[in-house]
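Chain and residue survey
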Amino acid sequence: MNTARDMDAPELAALLHFYADSGVEWLVEDEPADRFAEFAAQKAARAEAKMSAVARPQQPAQNEAPTSQTVSTPPAQKRTAQAPRPPAPSSSPAVAVPDGEAVSAARFSAESARSLGELKTALEAFNGCNLKNGARSTVFASGDPASRIMVIGPMPNADDDRDSIPFSGRQGQLLDRMLGAIGLSREVVMLTNVIPWRPPGNRQPSPAEQEICRPFLERQIALAEPKYLLLLGNFPARFFFGDGGTIHSMRGEWRDIRFAGLELAAIATLHPQELLAAPANKALAWQDLLTFKSRLEAV
């Protein structure tokens with residue numbers, strides 16, 4: 001097995017990035033800890049406590065009446081003493097069942113919002129999706145909705161979940177460069193994701209979870225009223241196009257779609273994370289960005 005001493009800086013960076021994408025957030029602690037010694041000490045302490053309990057003679061409790069006296073207890077007090085204690089409230093979040101009722105609750109909550117600010121508040125208060133229970137934060141949209149341009153990714157990753165900002169970390173830096181190459185920036189477009197909560201281990205959201213999150217994205221688009229969508233990656237392209245192909249078969253072509261009651265022009269390209277994993281595909285993404293730019297300039 002290779003150790004850290006056997007790796008150079010790029011290899012270490014790639015390994016750490018792999019761990020981060022896999023959901024690992026802590027590799028080492030601030031101080032070294034000998035877990036074997038801790039376990040041995042805990043085992044010895046339990047054995048000592050067990051021996052002490054066996055050797056200790058049983059003594060009457062301090063408040064216990066002498067055995068030679070009999071103290072009668074009223075029946076009412078006996079019933080009170082024997083009544084079972086109510087169970088302590090559980091601190092774990094309630095499990096939401098991803099069914100039709102959860103979708104209806106999501107739709108009601110989303111449609112009640114009259115602004116993007118109200119929608120953000122409604123989304124943060126919504127507890128009908130189990131993805132929220134495992135996520136650190138709710139990642140809402142950022143940027144300028146007045147631009148009429150919306151860039152949509154699949155779901156938050158570990159960096160997004162930590163910073164509560166869509167397209168954070170290395171993939172966000174690459175996206176900034178991609179947008180800058182066609183004269184845009186994250187401040188002048190609107191960035192968002194199909195799913196607002198990071199799934200555990202960056203797994204694919206289930207169809208039921210997608211349907212629960214759909215009303216919030218529909219309402220977000222209805223309120224922002226974008227004209228052009230730039231979809232990044234397989235998941236958003238399939239979500240909007242209803243196509244089961246890969247991003248390579250769906251990318252680079254404008255499609256007129258209807259979503260949230262609006263007529264929209266959408267084009268798909270590779271996600272920045274895919275470009276980090278396979279830099280050779282940057283040429284394809286650049287072609288897609290030029291196609292996107294030419295449509296904007298033609299308006």
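Structure report, in brief. Keep in mind that what you see is a predicted model, and the values were worked out from it rather than measured. (Residues numbered from 1 in each chain as written. Predicted model: local features only at pLDDT ≥ 70, side-chain atom pairs only at ≥ 80, totals over all residues. Heavy atoms only, no water.)

With that out of the way, let us pick up the sheet that holds strand S2 (residues 149-153). Strand order in the open sheet formed by six strands is S1-S3-S2-S4-S6-S5, and the pairing between neighbours is mixed. Across the chains shown, the open sheet's two edge strands, defined by having one partner strand only, are strand S1 (142-143) and strand S5 (255-259). Of the strand pairs in this sheet, S2 and strand S4 (residues 228-232) are connected by four bridges, and their pairing is parallel. The residue bridging isoleucine 152 from the neighbouring strand is leucine 231, located in S4. Relative to strand S6 (residues 262-269), helix H13 (residues 282-297) is tilted by about 150 degrees, and along the sheet it contacts S2, S4, S5 and S6. (Pairing = 2+ DSSP bridges. Helix = DSSP H or I, 4+ residues; strand = E, 2+ residues; numbered from the N terminus. Contact = heavy atoms within 4.5 Å. Axes fitted to C-alpha atoms, helices over the stretch in contact; angles between N-to-C directions.)

A few words on the environment of glutamine 220. Tracing the sequence through the fold places glutamine 220 in helix H9 (residues 207-224). Sequence-wise, glutamine 220 and alanine 113 are 107 residues apart; in three dimensions their C-alpha atoms are separated by 9.3 Å. Discounting chain neighbours no more than four positions away, the residues touching glutamine 220 are Leu116, Leu119, Phe140, Ala141, Met150, Met190 and Thr192. At 2.7 Å, the side chain of glutamine 220 and the side chain of threonine 192 are in polar contact. (Polar contact = N/O pair within 3.5 Å; in protein donor to acceptor, adjacent residues only side chain to side chain.)

In this section: the environment of isoleucine 152. Summarising the element assignment, isoleucine 152 is placed in strand S2. With 39 residues separating them in the primary sequence, isoleucine 152 and leucine 191 have C-alpha atoms 6.1 Å apart. Once residues lying within four places of it in the same chain are set aside, the contact partners of isoleucine 152 are Phe167, Thr192, Asn193, Val194, Ile221, Leu229, Leu230, Leu231, Leu232, Pro236 and Phe240.

Not every positive phi belongs to a glycine, and asparagine 202 is a case in point at roughly 60 degrees. Within the secondary structure, asparagine 202 sits in the loop between strand S3 (190-193) and H9. The backbone phi angle of glutamate 225 is positive, close to 50 degrees, even though this residue is not glycine. For glutamate 225, the location among the structural elements is in the loop between H9 and S4.

Here we take up the packing of helix H5 (residues 116-125) against H9. For any two helices packed against each other, the geometry comes down to the angle between their axes and how far apart the axes lie. Between H5 and H9, the shortest axis-to-axis distance is 10 Å and the interhelical angle comes to 170 degrees. When the interaxial angle is binned, H5 and H9 end up roughly antiparallel. Side by side, H5 and H9 meet where Leu116, Leu119, Ala122 and Leu123 of the first sit next to Phe216, Arg219, Gln220 and Leu223 of the second. Taken together, the residues of the contact of H5 with H9 break down into six nonpolar, one polar and one charged. (Parallel < 35°, antiparallel > 145°, perpendicular 65-115°, else oblique. Nonpolar A, V, L, I, M, F, W, Y, C, P; charged D, E, K, R; others polar.)

With that out of the way, let us pick up the pairing of S2. Of all five residues in S2, five are buried, a share of seventy percent or more. Of the two faces of S2, both are covered, the one formed by Ile149, Val151 and Gly153 as well as the one formed by Met150 and Ile152. In this structure, S2 lies alongside S3, joined through four bridges in parallel fashion. Looking across to S3, one finds that glycine 153 is bridged to asparagine 193. (Buried < 20%, exposed > 50% of the residue type's maximum accessible area, 1.4 Å probe, protein only.)

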